[in-house]
Structure formats: C-alpha cells, structure tokens
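Chain by chain, the residues:
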Amino acid sequence: MATTSYQICTTTNGSVTLTEDTINNFKSGLQGQLITPDSPDYDTARTIWNAMVDRKPGLIIKCTSTEDVIHAVKFARQHNLLVAIKGGGHNIAGNAVCEGGVVLDLSDMNAVRVDASTKRAWVEPGATLADVDRETQVFGLATPTGINSTTGIAGLTLGGGFGWLTRQYGATVDSLLSADVVTVQGNLVRADGNENPDLFWGIRGGGGNFGIVTSFEFQLHPVGPEIYAGLIVFPFDQARNALMKYRDYASTLQEEANTWVVLRKAPPLPFLPEDIHGKEVILFPNFYNGNAQAGQKITDKVKQFGTPVGEHLGMMPYTAWQQAFDPLLTPGARNYWKSHNFTELSDELIDVILQSVSTLPSPHCEIFIGMLGATYSSVPSDATAYTHRDANFVINVHARWETPQE
C-alpha cells in the first residue's frame, strides 16, 4: 500500500519531502489539529480575510497551547520549513498564509483574562479586538486598539496599532507591558522592560519576525462602558471647505476626543437621504470618551464644517462603536491598501485626495484620515520600534472590490 508524502517549501526557496511517518510522529505530540491539503477542511483553514490572497500551504498546524507552538517551531526548524503565523488572519498583505510552506494557525488560542484591580489583561494571540473588548468592558476598561472588531490583536499590536483611543492613551504598543515569546530556537522567553528589553523594544511595532507571541499583557484604561460617538455627513461639493476647517479644528481637540475623515460613495445608511446613496460624500466619524453633553460640544464644531446632509450621534456602548464599521469591512472581498503618515494636511494633499475620490472605481473604495497626536505624540520616537511619533494624521487608501474581473 502506497504511503503519502508531502513536499513542503523551505526557507531557502527549495522544498523537502516529509514522509507520512514523519508527519504522524509530529502529530502524535500535537494537542491541536494538523491539516493537510487532502483534509476536508483544508480550503476553509487556508482562507483569510482578504480574498485577493489565495495561497496553498503544504501544512496547517492549528495550535491550542504554547506547548503546541514550541512543538511546531522545533519541527519547522528541524526541517528548515518556511513558516507563516496566523492570528486573526486580517493582514491585508496576507502574511498569515504562505505558498507551499507551513501555517501556524493560532486562532484557537483566543482567551482573554482581566484583572480589574490592577487594570491589566492577558490576551492570547488568536484573540480578535471583539474578544478583547468583550472581556475588558465588563469592568469599564479598554486598551487602545483598531476600529474593526474582527481584526486580530496580535498583528495589530506587533505593527504598532492605532484607533479611537490613541489620542488619549497612545498606540496599542504603548499599553503593552510584557509578552511571552517563542523564539526561532523554540525557547519560551518573557519580554518586558527588564527581561529581554531589546526583544521587547522590537516587538512593539517592528512586525512579526522576532518570534511568536503566545501571550500579550496589556495595561487597561477607563473607557465607557458607554461613550459618545457617531457620524456627521456632508455632500462632496463641501469637502474642500470641510477639510480646511477640519485641519484647524484638529489642532485644538482635547485628547479624550477623536474625529476621523472618510471619503467614499455614500452607503445606504438609514439616516441619509436616498438621493445621496451611491454618491461621493465626506463623513466625519466622531468619538468622545465621556458624556453626551461634553461630546455634543465637540460635534457641534464639526457640524460647522458645512451643511450636513445627515447625522447619527449619541451615547452608545463602546463595544457597539468598535463594531460600527464592520459591515463595510466584511471578509471575502478583495483588498489592496496603502497608508502613509503626515505631519500636516497641506493644500496640495487635500487637492490630491479630492481628485482621487472623484474617480473611485468601486463603491467599496475609500480614503480615510485618522487623527493622531496628543498622548501618542508624547512618547519618545526611540522608545519602541514604532517610531513615527511626529505624525498627526495617518491616511489609508482602501482599494476594495468583489470579483476577480473587477
């Protein structure tokens, strides 16, 4: 009877043959699941958030514990296998999956433990932002993360991380207190300000190639559980004037507040008139970590950017606001994104943005401006591997479409 063997890509752009006995021997020490190309759930397991990425790994190892991660790393090291690490699988470039290599899938490691007395949370690498928010908001606490609840905490943190709370509490890495990291040798080490400080510096914004984090320890901060937030929408012919006023407004905003900009074709939101659906608009998402009275004073200033065609503002659970943009960022679409930091919104930059928005190729495409500054900018540029502390704005260009033909 013929035995099965597997050709797996190596780190040197070659391949190695792993026999069925080799695979079974590895599998016997694995608590989680080993998925091969002939497994019935292989296609589901290799699918990630961005449908533009269609890679076929040689093996997928679904880890359920730190011991599984160590076991998998030593196995990959022994055979010099190409490895990709999947947390939430949300990375636009598709780094969570590799062609022909081994995927270490950590998505089943998604536990979140909170100590409200010390305002700390210990988070496993497969957790999403929704997982973190759900557990921390029980105690009216949060750590600064992103704006799409299905994003994985691991990739966001290792890249720096910013969102609605960044002006008040800094980047995600600024609230990272320590991490448990499996090194390329398969050793488990702790990284913080005292133990392995160089490694701790590197994982705070340096990306995912320093090791595999199996636990993040975060400082938590008072947030909500209800906050004041919502959208104010202006027609596109008011966009230039609105951006000019936004530029001045941004320099005066208190750290508890944040206002972003989204330029896109209007989605069919119920508070917008039907005749503007599908037409270019400029939206201002607003966030205030406080009560409605103080929040309204801020959004009243935003309303003065022009004549709004619609608004939806009020007190809401922080967890609800964290999920407000999920319907625009569902899995299964094709995405190609670029971003850049800016110290200022110059007239020339505004001209380029407005010209680009007038030629959006898809109703799913958008340009957004995220506001930074305040606490985020108070961190020394050399304190973490994420160094861009002089940035006052980050601009993301989201190209997003549905079919390969597009």
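Residues numbered from 1 in each chain as written. Predicted model: local features only at pLDDT ≥ 70, side-chain atom pairs only at ≥ 80, totals over all residues. Heavy atoms only, no water.

**So, the overall build of the protein chain**
Okay, so step 1: For the protein chain, the helix and strand inventory stands at twelve helices and 21 strands.
Okay, so step 2: For 406 residues, the compact-globule estimate of 2.2 N^0.38 gives 22 Å, and the protein chain sits close to it at 23 Å.
Okay, so step 3: Dimensions of the protein chain, computed from C-alpha atoms along their principal axes, come out at roughly 75 × 55 × 35 Å.
Okay, so step 4: Per-residue burial for the protein chain yields a buried fraction of 52% across its 406 residues.
Okay, so step 5: Taking the contacts inside the protein chain whose residues are at least 6 apart along the sequence as the reference set, 72% of them involve residues at least 24 apart.
Okay, so step 6: Summing over all exposed atoms, the protein chain offers an accessible surface of approximately 17,800 Å²; the carbon and sulfur share of this is 50%.
Okay, so step 7: Where the 28 positive side-chain charges of the protein chain centre and where its 42 negative ones centre are 2 Å apart. (Helix = DSSP H or I, 4+ residues; strand = E, 2+ residues; numbered from the N terminus. Rg over C-alpha atoms; globule rule 2.2 N^0.38 Å. Buried < 20%, exposed > 50% of the residue type's maximum accessible area, 1.4 Å probe, protein only. Contact = heavy atoms within 4.5 Å. Areas by Shrake-Rupley, 256 points an atom, 1.4 Å probe, with all protein chains shown as cover. Lys, Arg positive; Asp, Glu negative; His and termini not counted. Charge placed at Lys NZ, Arg CZ, Asp CG, Glu CD.)

**Comments concerning helix α11 (residues 347-357)**
Okay, so step 1: Residues of α11 that are buried: Leu-349, Ile-350, Ile-353, Leu-354 and Val-357. Down the axis of α11, the buried side of the element spans an arc of 130°, and every buried residue falls inside it. Within α11, the exposed residues directed more than 90 degrees away from the buried face are Glu-348, Val-352 and Gln-355. (Arc of directions from axis to C-beta.)

**Concerning the side chain of Thr-143**
Okay, so step 1: Counting through the fold element by element, Thr-143 comes out in the loop between β9 (141-142) and α5 (153-159).
Okay, so step 2: Its relative accessible area of 1% is what places Thr-143 among the buried residues.
Okay, so step 3: In this structure the side chain of Thr-143 is engaged in a polar contact, spanning 3.0 Å, whose partner is the backbone oxygen of Gln-219.
Okay, so step 4: Those residues in contact with Thr-143 that sit more than four places away from it in its chain are Leu-165, Ser-175, Phe-218, Gln-219, Leu-220, His-221 and Tyr-318. (Polar contact = N/O pair within 3.5 Å; in protein donor to acceptor, adjacent residues only side chain to side chain.)

**Some points on the environment of Thr-183**
Okay, so step 1: Here Thr-183 lies in the loop between β10 (176-182) and β11 (188-191).
Okay, so step 2: Take Thr-183: its relative accessible area is 16%, and that puts it in the buried class.
Okay, so step 3: In the structure, Thr-183 is positioned 110 residues away from Val-73 in sequence and 8.3 Å away in space, judged by C-alpha atoms.
Okay, so step 4: Ignoring anything within four residues of it in the chain, the contact list for Thr-183 reads Val-73 and Val-189.
Okay, so step 5: For Thr-183, the side chain forms a polar contact with the side chain of Gln-185, separated by 3.1 Å.

**Remarks on the pattern of salt bridges**
Okay, so step 1: Applying the stated criterion to the full structure yields 18 salt bridges.
Okay, so step 2: Residue Lys-86 is joined to Asp-105 by a salt bridge in which the shortest nitrogen-to-oxygen separation is 3.7 Å. With a gap of 19 residues between them, Lys-86 in strand β5 (residues 83-86) and Asp-105 in strand β6 (residues 102-105) connect regions that are remote in the sequence.
Okay, so step 3: Residue Asp-105 is classed as buried on the basis of its relative accessible area, which comes to 1%.
Okay, so step 4: For the salt bridge of Arg-264 with Glu-366, the shortest nitrogen-to-oxygen distance reads 2.9 Å. With Arg-264 in strand β16 (residues 261-265) and Glu-366 in strand β20 (residues 366-371), this pair connects stretches of sequence that are 102 residues apart. Take Arg-264 and Glu-366: they sit in the same class, and that class is buried.
Okay, so step 5: Salt bridges sharing partners connect three or more residues here, namely Arg-120, Arg-190, Asp-192, Glu-195 and Glu-217. (Salt bridge = Lys/Arg side-chain N within 4 Å of Asp/Glu carboxyl O.)

**Comments concerning the sheet that holds β5**
Okay, so step 1: Taken in spatial order, the four strands of this open sheet run β3-β4-β6-β5, and their pairing is mixed. Of all strands in the sheet, those bounded by a partner on one side alone are β3 (33-35) and β5. The sheet shows a mean angle of 20° between the axes of neighbouring strands, direction not considered.
Okay, so step 2: Bridge count between β5 and β6: four bridges; the pairing is parallel. Its bridge partner being in β6, Ile-85 is matched across the sheet by Leu-104. (Pairing = 2+ DSSP bridges. Axes fitted to C-alpha atoms, helices over the stretch in contact; angles between N-to-C directions.)

**Considering the packing of helix α8 (residues 239-250) against α11**
Okay, so step 1: In contact at an axis separation of 11 Å, α8 and α11 are set at 140° when each is read in the N-to-C sense. Taken together, the axes of α8 and α11 are oblique relative to one another. Between α8 and α11 lies a crossing of right-handed hand. Here Ala-239, Arg-240, Leu-243, Met-244 and Arg-247 of α8 come into contact with α11, specifically with Asp-347, Ile-350, Asp-351 and Leu-354.
Okay, so step 2: Its residues assigned to classes, the contact of α8 with α11 shows five nonpolar, no polar and four charged. (Parallel < 35°, antiparallel > 145°, perpendicular 65-115°, else oblique. Left-handed = near helix turned anticlockwise from the far one by under 90°. Nonpolar A, V, L, I, M, F, W, Y, C, P; charged D, E, K, R; others polar.)

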